[in-house]
2 protein chains.
Amino acid sequence: METSVKNLSIEKVKTSRLSEIDFDNLSFGSVFADHMLICEYVDGAWQSPKIVPYQPLSLEPSAKVFHYGQAIFEGMKAYKDSEGGVWLFRPQENQKRLNISAKRLAMPELPEEVFMDGLRTLLQLDEKWIPQAAGSSLYVRPFMFASGTGFHASPADSYTFIIACAPSGAYFSGKVSVLIEEKYSRAANGGVGYAKAGGNYAGQFYPTQLAVDKGYQQVIWTDDVSHEYIEEAGAMNVFVRIGDTLITSPVSDRILDGVTRKSILTLAEDLGIPTEVRKISVHELVEAAKEGSLKELFGAGTAAVISPIASFGYKGKDYELPELEDSYAHKLKKMITDIQYNRAEDKFGWRYSVL
Amino acid sequence: METSVKNLSIEKVKTSRLSEIDFDNLSFGSVFADHMLICEYVDGAWQSPKIVPYQPLSLEPSAKVFHYGQAIFEGMKAYKDSEGGVWLFRPQENQKRLNISAKRLAMPELPEEVFMDGLRTLLQLDEKWIPQAAGSSLYVRPFMFASGTGFHASPADSYTFIIACAPSGAYFSGKVSVLIEEKYSRAANGGVGYAKAGGNYAGQFYPTQLAVDKGYQQVIWTDDVSHEYIEEAGAMNVFVRIGDTLITSPVSDRILDGVTRKSILTLAEDLGIPTEVRKISVHELVEAAKEGSLKELFGAGTAAVISPIASFGYKGKDYELPELEDSYAHKLKKMITDIQYNRAEDKFGWRYSVL
């Protein structure tokens, strides 16, 4: 197999596990494709990347990922069109963001070509793992962690970058009701909220579990000072439609610069939907819900694309969202997925051909 | 060897690595004792703990510790006195705090006896690894991480708890100058700052590196809203002496409830030193420095015990601390370490006999 990454070596599996997978009943991210890309940072330099069979990793107990949380990731999907063509969606955005996260976590930046060419080569090799059924895709998980050792609280001296893939069905299913968080927070001003850092997610699990115990599926995160402004929904960016206007919070050092988020903004503007990027207060949300101008609320992210929210809870009261025939959520999700699966014109040059 | 933990199995090393270690030139946490304790949480239950040779761990690439930051730890030390007696310092505090961290990170709480009895048994077995030289100790690192797999952003279904030990010299050396942080933050209100969560440390490395580039060794963290109140120093709690009064910030959901911190407060009160637990503004610190009433500034934590700060930088200006003959830092550090090394009466019952 040819590749433009210098020194990329490929060790293929002896026997593919493909036949063991039930592609009609895929959950999200729980079975893994035959191969993975691995690249080690040692002695101040990235070593030659390798594609190897998906396999366990061996790490010292003192590897800093276990102690000091130097762990970042990206989430992407590979799509197969009806002709068998394989596509990614704006992968350069993920490549850039990985390095933004790396910088904030004091980890080494990964050369663009290792990410892009390594990714393409890996997907070409595991092309048969990309499901073709509607809503299904190969979830692609690039991630990097501190493999260097020692109990001193300082950055590691070695790191491991991996791309692993999981054929996946849809992320959420069913109606989503969310709780607006009034006590816990996701991110600090001047913190790492804008990075896809592992620690941002671990901190969300407990408050989310408390919300689940109350009958909700997810939390809407608010600012950590006043809890008056909505910031993210679960692990997604959040959009609000009031009247005909689609509103989302500005990105900041607390809010992730989501690829789906910015794609939605571009598509909405292109459709002539009035959009606003500004702070959204809980007060505004509740008032709009009461007077009937709150039309939609949805999360946006790679995994779920767009996840419409059916109701939200705040201070012990639940507010229902209307069920619209022709919602922005539905329309925008269709537009994005049509581009992703090569079913529509790619006006903005977002599709990236893999095979 | 006897132990009160049920089903604790012990597999000893065939050949000890003890003779390879240069005990006269120990750094901090970079060489590891022969054995470690490991206990796995699987299928909703903690399995039998094992003591095994210190060895690499095998983990799936999709283990959630690499992706979602479910990783917590504790830091403790085992001390050897002049008679060869082995001691821990308030280990129950670490045991309790581990479970406080676990709860916040949606991880299972570890049974007290696995921690305490496992720890004691491990230290008895690796007793020869505990250095006796002044300032040296066996650094003990209990930690827990998500070993369960899958790319879904949700708590793992299995976890690994380990205690590993590293014979260590002093943590800091030389004069420490710190920079008061005005942009970056360590913790959010409603976040995980009070937990010993890995992600809290990774987020500090980059701002600390920026401070190091400016000629400082550490950062004094301030609140994430106004950056007007000092909260922690590096990975330690922070104390200020103004006039004769010793002041430290109250613990909160942003500030770690440090064992050294609370021991210092108790000892200072016992010595008749006026203490205050209240917010400390940067303004107060700077004003006190200018008028000469700022006598001391020091960090407090298990690794360094007490780390006196020689100067601090703020808004481009550096403020020197006086060099006192009989500083609180020196006096309190001596008192704590005398208790830890069994050189003084243990008035508060903090010493815990291991052997």
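Look above for the structure.
Since we're looking at a predicted model, the values are computed, not measured.

Asks: I would appreciate a short explanation of the overall build of chain A in the present structure.
Replies: A tally of helices and strands in chain A yields 7 helices and 20 strands. For 355 residues, the compact-globule formula gives about 20 Å, and the C-alpha radius of gyration of chain A, at 21 Å, lands near that figure. In terms of its C-alpha atoms, chain A occupies a principal-axis envelope of roughly 60 × 55 × 35 Å. Across the 355 residues of chain A, 61% fall into the buried class. Taking as baseline every contact in chain A between residues at least 6 positions apart, the subset at least 24 positions apart corresponds to 71%. Approximately 13600 Å² of chain A is accessible, and the part contributed by carbon and sulfur atoms is 47%. Averaging the coordinates of the 37 positive side-chain charges in chain A and doing the same for the 46 negative ones gives two points 1 Å apart.

Asks: Is there a simple way to think about the environment of Glu320 of chain B in this case?
Replies: All names here are of chain B. Along the chain, Glu320 turns up in strand S19 (residues 317-320). Once the C-alpha coordinates of Glu320 and Ala268 are considered, the two residues, 52 residues apart in sequence, prove to be 24 Å apart. If near-sequence neighbours (up to four positions away) are discounted, Glu320 is found in contact with Ala310 and Ser311.

Asks: Quick question: what am I supposed to make of the pattern of salt bridges here?
Replies: Opposite charge on two side chains lets them pair, provided their charged atoms get close. Residue and element names in this part refer to chain A. This structure, assessed with the given rule, holds 38 salt bridges over all chains. Ionic pairing is found between Lys331 and Asp326, a salt bridge with its closest N-O pair at 3.7 Å. Judged by relative accessible area, which is 31%, Lys331 ranks as partly exposed. Judged by relative accessible area, which is 48%, Asp326 ranks as partly exposed.

Asks: What am I meant to see in the relation of the copies chain A and chain B here?
Replies: Two chain copies here: they are related by a rotation about an axis and a translation along the same axis. Take chain A, turn it by 180°, move it 0.0 Å along the axis, and it overlays chain B with an RMSD of 0.0 Å. The transformation relating the two chain copies, once decomposed into turn and shift, fits a two-fold axis. A high fraction, 100%, of the interface residues of chain A reappear at the interface in chain B, so the copies pair face to face through one surface.

Rules and cut-offs
- Residues numbered from 1 in each chain as written.
- Chains lettered and ligands numbered in written order.
- Predicted model: local features only at pLDDT ≥ 70, side-chain atom pairs only at ≥ 80, totals over all residues.
- Heavy atoms only, no water.
- Helix = DSSP H or I, 4+ residues; strand = E, 2+ residues; numbered from the N terminus.
- Rg over C-alpha atoms; globule rule 2.2 N^0.38 Å.
- Buried < 20%, exposed > 50% of the residue type's maximum accessible area, 1.4 Å probe, protein only.
- Contact = heavy atoms within 4.5 Å.
- Areas by Shrake-Rupley, 256 points an atom, 1.4 Å probe, with all protein chains shown as cover.
- Lys, Arg positive; Asp, Glu negative; His and termini not counted.
- Charge placed at Lys NZ, Arg CZ, Asp CG, Glu CD.
- Salt bridge = Lys/Arg side-chain N within 4 Å of Asp/Glu carboxyl O.
- Least-squares fit on C-alpha atoms with pLDDT ≥ 70 in both.

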